[in-house]
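Structural description and commentary
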Amino acid sequence: MKKTKALLIVDVQNDFCPGGTLAVPEGEKVVPLINKLIAEFPVICASKDWHPTESVHFQKWPVHCVAGSKGAKFHPELDTNSIDLVLLKGTYNKDNGYSAFEATNIDFVQWLQTRNITDLYICGLATDYCVKASCLDAVREGFHVYLIEDAIRGVDLQRGDSEKSISDMRDAGVEIIDSEAIY
Ligand code: VGL
């Protein structure tokens, strides 16, 4: 069967970038890289944290990415023109929605299967939470998963969290690559 690839951009939203309520260190640095990567993929998906104000998620985290707010918008410099699918996650009060596969607006697996996607290339924010959860779910769902290491950044609540996450993803079967490998 012909291999078909898609790019999954995880949570490149204002609140995860400098000035946002849950800013990931250097979060904005992934944006130019991702804008360049977009041209290499026939299918582009992008997830968004999209929380209600009363989310249980805010017992652990500062309020961020409230549905419809400025903080929940994509970073203003992200090239959104070619995005084929926006995945909304964490949309219920009791739902953390770390993984793009927990999107509530669409059955993501079915959407990918319908388009014969076999290979998923994942980038975005944040390495140690939503990127990791999305990569691990993608492997579980049977996709061949590539993590684009220079196009991710982590929260690193504890020093080394991102490094440990990358190693966990590798152990799970995720291939770790650099964006240069794609051009
Ligand atoms: C995320 C922490 C809390 C993420 C979301 O997008 O990785 N991290 N909520």
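The structure contained in this document is the topic of the report that follows. (Residues numbered from 1 in each chain as written. Predicted model: local features only at pLDDT ≥ 70, side-chain atom pairs only at ≥ 80, totals over all residues. Heavy atoms only, no water.)

1. Structural notes on empty space enclosed by the protein
Convention followed: Lining residues are those with an atom within 4 Å of a point, where the points come from a 1 Å grid over the protein atoms alone and group into cavities, where a 1.4 Å probe fits but cannot get out, or pockets, open sets with protein on both sides within 12 Å along at least five of seven lines. Grid points are joined across faces, edges and corners, and a volume is the space filled by probe spheres set on the points. Here the term charged refers only to Asp, Glu, Lys and Arg, the term nonpolar to Ala, Val, Leu, Ile, Met, Phe, Trp, Tyr, Cys and Pro, and the term polar to all other amino acids, Gly among them.
Counted under the stated rule, the structure contains 1 cavity of 30 Å³ or more. Volume-wise, the largest cavity comes out at about 100 Å³. Of the residues assigned to the lining of the largest cavity, the class counts are 10 nonpolar, 2 polar and 1 charged.

2. What about the site of the ligand?
Rules: Throughout, the term near means that a residue has one or more heavy atoms lying within 4 Å of the molecule or strand in question. Each polar contact in these results corresponds to two N or O atoms within 3.5 Å; when the atoms are within protein, one needs to be able to donate a hydrogen and the other to accept it, and residues that are neighboring in sequence are counted only if both atoms are side-chain atoms. Accessible areas in this description were obtained via Shrake-Rupley with a 1.4 Å probe; residue shielding takes into account the shown protein chains only.
The environment of the ligand is made up of Asp-11, Phe-16, Leu-22, Asp-49, His-57, Trp-61, His-64, Leu-125, Ala-126, Tyr-129 and Cys-130. Residue Asp-11 places a side-chain N or O atom 2.8 Å away from an oxygen atom belonging to the ligand. A distance of 3.0 Å separates a nitrogen atom of the ligand from a polar side-chain atom of His-57. Protein contacts shield 100% of the accessible area of the ligand, which totals 250 Å² for the unbound molecule. When its residues are assigned to classes, the shell around the ligand shows 7 nonpolar, 2 polar and 2 charged.

3. Details of the nonpolar core
The test is simple: Here the nonpolar core consists of buried residues drawn from Ala, Val, Leu, Ile, Met, Phe, Trp, Tyr and Cys, with membership extended through side-chain atoms lying within 4.5 Å. Only protein chains enter the accessibility calculation, which uses a 1.4 Å probe. A residue is then buried if its area is under 20% of the maximum for its type, exposed if over 50%, and partly exposed in between. Numbering goes from the N terminus for both helices and strands, where a helix is a DSSP run of H or I of at least four residues and a strand is a run of E of at least two.
In terms of nonpolar packing, the biggest core is built from 63 residues, with Leu-7, Phe-108 and Leu-112 touching the most fellow members. Per element, the largest residue contribution to this core is 7 residues, and it comes from helix H3 (residues 127–140).

4. A short note on helix H4 (residues 161–172)
Defined as follows: The span you would expect from a helix comes to 1.5 Å times its residue count less one. Our arc is simply the arc of the directions from the helix axis toward the C-beta atoms.
If you check H4, its first and last C-alpha atoms are 16 Å apart, about what 12 residues at 1.5 Å a residue would give, namely 16 Å. The set of residues buried in H4 consists of Ser-162, Ser-165, Ile-166 and Met-169. For H4, the arc enclosing every buried residue in end-on projection is 100 degrees, short of the 170-degree limit, so these residues lie on one face. Across from the buried face of H4, at angles greater than 90 degrees, the exposed residues are Glu-163, Lys-164 and Asp-171.

5. Digging into the pattern of salt bridges
Here is the rule: Any Lys or Arg side-chain nitrogen found within 4 Å of a carboxyl oxygen on Asp or Glu counts as a salt bridge.
According to the stated counting rule, one finds 7 salt bridges in the structure shown. Residue Lys-29 pairs with Glu-26 through a salt bridge whose shortest N-O separation is 3.5 Å. Salt-bridge contacts for Arg-153 lead to Glu-26; the nearest nitrogen and oxygen are separated by 2.9 Å. You can see Arg-153 sitting in strand S5 (residues 144–153) and its partner Glu-26 sitting in the loop between strand S1 (5–10) and helix H1 (30–37), a full 127 residues away along the chain. According to the relative accessible area criterion, Glu-26 is partly exposed, its value standing at 40%. Through salt bridges that share partners, Asp-11, Asp-49 and Lys-89 make up one connected network.

6. Focus: the pairing of S5
The following threshold applies: Pairing between two strands is assigned when DSSP locates at least 2 bridges connecting them. By convention a crossover is right-handed if, when the strands point away from the viewer, the path from the first strand over the helix to the second runs clockwise.
Two strands pair when backbone bridges link them, and strand S4 (residues 119–125) and S5 are joined in this way by 6 bridges, in the parallel orientation. Each residue of the ladder has a partner; that of Asp-119, found in S5, is His-144. For the segment spanning S4, H3 and S5, crossover handedness is right-handed. Bridge analysis of S5 against strand S6 (residues 175–177) gives 3 bridges, and the strand direction is parallel. Along S6, the bridge assignment pairs Tyr-146 with Glu-175. This β-α-β element, S5 to H4 to S6, shows right-handed connectivity.

7. Regarding the side chain of Asp-95
Definition in use: Within this scheme the basic residues Lys and Arg register as positive and the acidic residues Asp and Glu register as negative, but His and the chain ends are omitted. Whether two residues are in contact is decided by their heavy atoms: any pair within 4.5 Å suffices.
For Asp-95, the location among the structural elements is in the loop between strand S3 (85–89) and helix H2 (108–114). No salt bridge forms around the buried Asp-95; measuring N to O, its nearest opposite-charge neighbour Lys-89 is 8.4 Å away. A polar side-chain atom of Asp-95 sits 3.3 Å from the main-chain amide nitrogen of Thr-91. Sequence-distant contacts of Asp-95, that is, excluding residues within four places in its chain, are made with His-51, Ser-55, Val-56, Gly-90, Glu-102 and Thr-104.

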